[in-house]
Amino acid sequence: MPNITSIGAGIYTSLAYVTNTVVEGTPTAGEVSRDETGDEWRVEFETRTTPGAAGDNIPVAWAATANARAFGRIREFPNIGIPANIVNVPQYGQPSSSQVVGQSDPPNLDFTFNYVPSIHYFIDDLRASGETKLFRIRLSNGELVKSQGGTAANESGGTDGAGSADVQLPYEWQNGAGDDGSTIREFSDFYLFGSVASFEIVPALTDANQVNVSLTIQGQLSGPWSYANPTDVTTSLVYGKPPTA
Amino acid sequence: MASYSQIIGDLENIFASSEWVSNDIQAYPSNIAPTSNRPNEYVIIEVLPAQELNIQYGDEKQVAGLIILQIYTPVNTGTRRIYEISDLLDDVLNKKVIGDSIQTSASSLDVKGNDLDDPSLFRADYVLRFSSY
């Protein structure tokens, strides 16, 4: 069950998006659809090379796709989810009012990055384009495999897409002798469709320079998604929500 | 961030540079005491990377701390030389980017007076904060 199963600090939490065009209905190559689910969205970010046979204590190769992009050097994450909108309703003749849940406003997704112009230049391009993209927040307490980008091989042996440097990939390790399965380090994925609304650079005198970025969210947040540990490493993985993964 | 050994290496390299060597003031790493042929005046480099910086998600490590240069001059020669040496240290350390990752802040000077261990020496501490991102 690689969805996170214990409390811990999300030190390795990351944000990524895919450059695919967002569409409704059935997507074609280079597109991603709002009508799909996490199981379809995840393959736009990463691929797994299914081993031909079980091995002992060796990594399974994962690779970032050519369309995946990481937002590196994140300093602060916003609250992730949908805030409540609780309305107090007066009750005639009663000593106290009642509460009902009204239609929630979408959350403000305000991220802060330690600003490095050579890394974060693309964010302002996204803002200027106004395009809607598929974003993935990967909540992770443990270290994962980091995409190398540049069609280089990463730690797991997978060959990453050219512009995908720093996208976080699953850390999957085949189990020891007598066990054909594998173990995936825990993480939980959350997906949202949105666009970059703001890009504000904040120079600092005694700390790292920062950039504040706001995302607009369209629709609901989807998650937590993750992979179930396979009992046979040669089979395809199940990607689902708890309690199945 | 640079590793701990790279931080100390980058800082020590400053005192091997031609810019510092031309000052003709010997600099020693801490834990090396100049015993034989001790110069009249010298500095000891002390680096304390003792403050963790949790300012970024991911595996990159940032650390901050203090750089302390203990400045020693002979007693009964006044304090002017202490200030002159501090100005020379400012030239190579004050608000600088050192190596790939170290950034130093503005310096300060703490004049200590006669050295407790060696009464023939007068001591001042030149101090600045640094961060390694």
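Coordinates for the structure precede this section.
Here the residue numbers are simple positions, counted from 1 along each chain's written sequence. Starting at A for chains and at 1 for ligands, labels are handed out in the order in which the entities are written. Predicted model: local features are reported for residues with pLDDT of at least 70 only, side-chain atom pairs are reported and counted for 80 or more only, and whole-chain, interface and lining totals are derived from all residues. Hydrogens and water molecules were not included; the side-chain quantities draw on all heavy atoms of the structure.

Trainee: Could you clarify how one ought to interpret the interface of chain A and chain B in this entry?
Mentor: It is common to give the size of an interface as the accessible area lost on bringing the parts into contact. Residue contacts are counted whenever heavy atoms from the two residues lie within 4.5 Å of one another. Contact with chain A, which involves 15 residues of that partner, is made by seven residues of chain B. Surface buried jointly by chain A and chain B totals about 1000 Å² across both partners, of which 44% is contributed by carbon and sulfur atoms. Salt bridges are counted wherever a side-chain nitrogen of Lys or Arg sits within 4 Å of a carboxyl oxygen of Asp or Glu. In this assembly, chain A and chain B are joined by two salt bridges. Identification of polar contacts relies on pairs of N or O atoms within 3.5 Å, with a donor-acceptor requirement for protein atoms, meaning one able to donate a hydrogen and the other able to accept it, and with residues adjacent in sequence counted only if both atoms are side-chain atoms. For the pair chain A and chain B, the interface holds six residue pairs in polar contact (both at pLDDT 80 or more). For helices the rule is a DSSP run of H or I covering at least 4 residues; for strands it is a run of E covering at least 2, with both sets numbered from the N terminus onward. Residue contributions to the side of chain A that touches chain B peak at three residues, all from strand 7 (residues 74-76) of chain A. A per-class count over the side of chain A that touches chain B returns five nonpolar, four polar and six charged. Simply put, the buried area is the total loss of 1.4 Å probe accessible area from both parts when two parts are fitted together. Gly is put with the polar residues, along with every residue not named as nonpolar or charged; the nonpolar set is Ala, Val, Leu, Ile, Met, Phe, Trp, Tyr, Cys and Pro, and the charged set is Asp, Glu, Lys and Arg.

Trainee: Could you clarify how one ought to interpret the pairing of strand 17 (residues 210-227) of chain A in this entry?
Mentor: All names here are of chain A. For strand 10 (residues 109-114) and strand 17, the ladder comprises six bridges, and the chain directions are antiparallel. Its bridge partner being in strand 17, Leu-109 is matched across the sheet by Leu-215. Pairing of strand 16 (residues 188-202) with strand 17 involves eleven bridges; the strand directions are antiparallel. Bridge pairing links Val-202 to Gln-210 in strand 17. Here, strands pair whenever DSSP counts at least two bridges between them. Where strand 17 and strand 18 (residues 239-240) come together, two bridges link them in antiparallel fashion. In the sheet register, Tyr-227 faces strand 18, and the bridge partner there is Tyr-239.

Trainee: Would you take a moment to explain the pattern of salt bridges for this structure?
Mentor: Any two side chains of opposite charge can pair, given that their charged atoms come close. Residue and element names in this part refer to chain A. For the structure on display, the rule yields 17 salt bridges over all chains. With a shortest N-O distance of 2.9 Å, Arg-138 and Glu-46 are connected by a salt bridge. You can see Arg-138 sitting in strand 11 (residues 133-139) and its partner Glu-46 sitting in strand 4 (residues 46-48), a full 92 residues away along the chain. Of the residues examined, Arg-138 reaches a relative accessible area of 0% and is grouped as buried. Through salt bridges that share partners, Glu-46, Arg-136, Arg-138 and Asp-189 make up one connected network. The classification of residues rests on relative accessible area computed with a 1.4 Å probe and restricted to protein chains. Under 20% of the type maximum is buried, over 50% is exposed, and intermediate values are partly exposed.

Trainee: What am I meant to see in the pairing of strand 16 of chain A here?
Mentor: A regular strand places its side chains so that they alternate between the two faces of the sheet. All names here are of chain A. In terms of burial, strand 16 is a largely internal element, eleven of the 15 residues being buried. Summarising the sheet, strand 11 and strand 16 pair through seven bridges and their orientation is antiparallel. Among the inter-strand pairings, Ile-137 is bridged to a residue of strand 16, identified as Phe-190.

Trainee: Would you mind going over the packing of aromatic side chains with me for this structure?
Mentor: Residue and element names in this part refer to chain A. Think of it this way: a Phe, Tyr or Trp ring, Trp meaning its six-membered ring, pairs with another when their centres are within 6.5 Å, and the plane angle makes it stacked under 30 degrees, edge-to-face over 60, tilted otherwise. By the definition in use, this model includes 22 aromatic pairs over all chains. Taking 6.0 Å as the distance between ring centres and 55 degrees as the angle between the ring planes, the aromatic pair formed by Phe-45 and Tyr-191 counts as tilted. Placement of Phe-45 in helix 1 (residues 38-45) and of Tyr-191 in strand 16 is noted, with a sequence separation of 146 residues between them. Residues Phe-45 and Tyr-191 agree in their burial class; the two are buried.

Trainee: So what exactly am I meant to see when it comes to unusual backbone geometry here?
Mentor: Glycine aside, a negative phi is what most residues show, and trans is what most peptide bonds show. With an omega of 0 degrees, the peptide bond between Gly-223 of chain A and Pro-224 of chain A qualifies as cis. Residue Pro-243 of chain A is bonded to the preceding Pro-242 of chain A through a cis peptide linkage, with omega at 10 degrees. When you line up the elements, Pro-243 of chain A lands in the segment after strand 18. Of note in this structure, Thr-151 of chain A is not a glycine but carries a positive phi near 55 degrees. Note that Thr-151 of chain A resides in the loop between strand 12 (145-146) and strand 13 (168-169). Overall, the relative accessible area of 55% leaves Thr-151 of chain A in the exposed class. Look at Lys-95 of chain B: it is not a glycine, yet its phi comes out positive at around 50 degrees. Within the secondary structure, Lys-95 of chain B is located in the loop between helix 3 (80-93) and strand 4 (97-98). Its relative accessible area of 59% is what places Lys-95 of chain B among the exposed residues.

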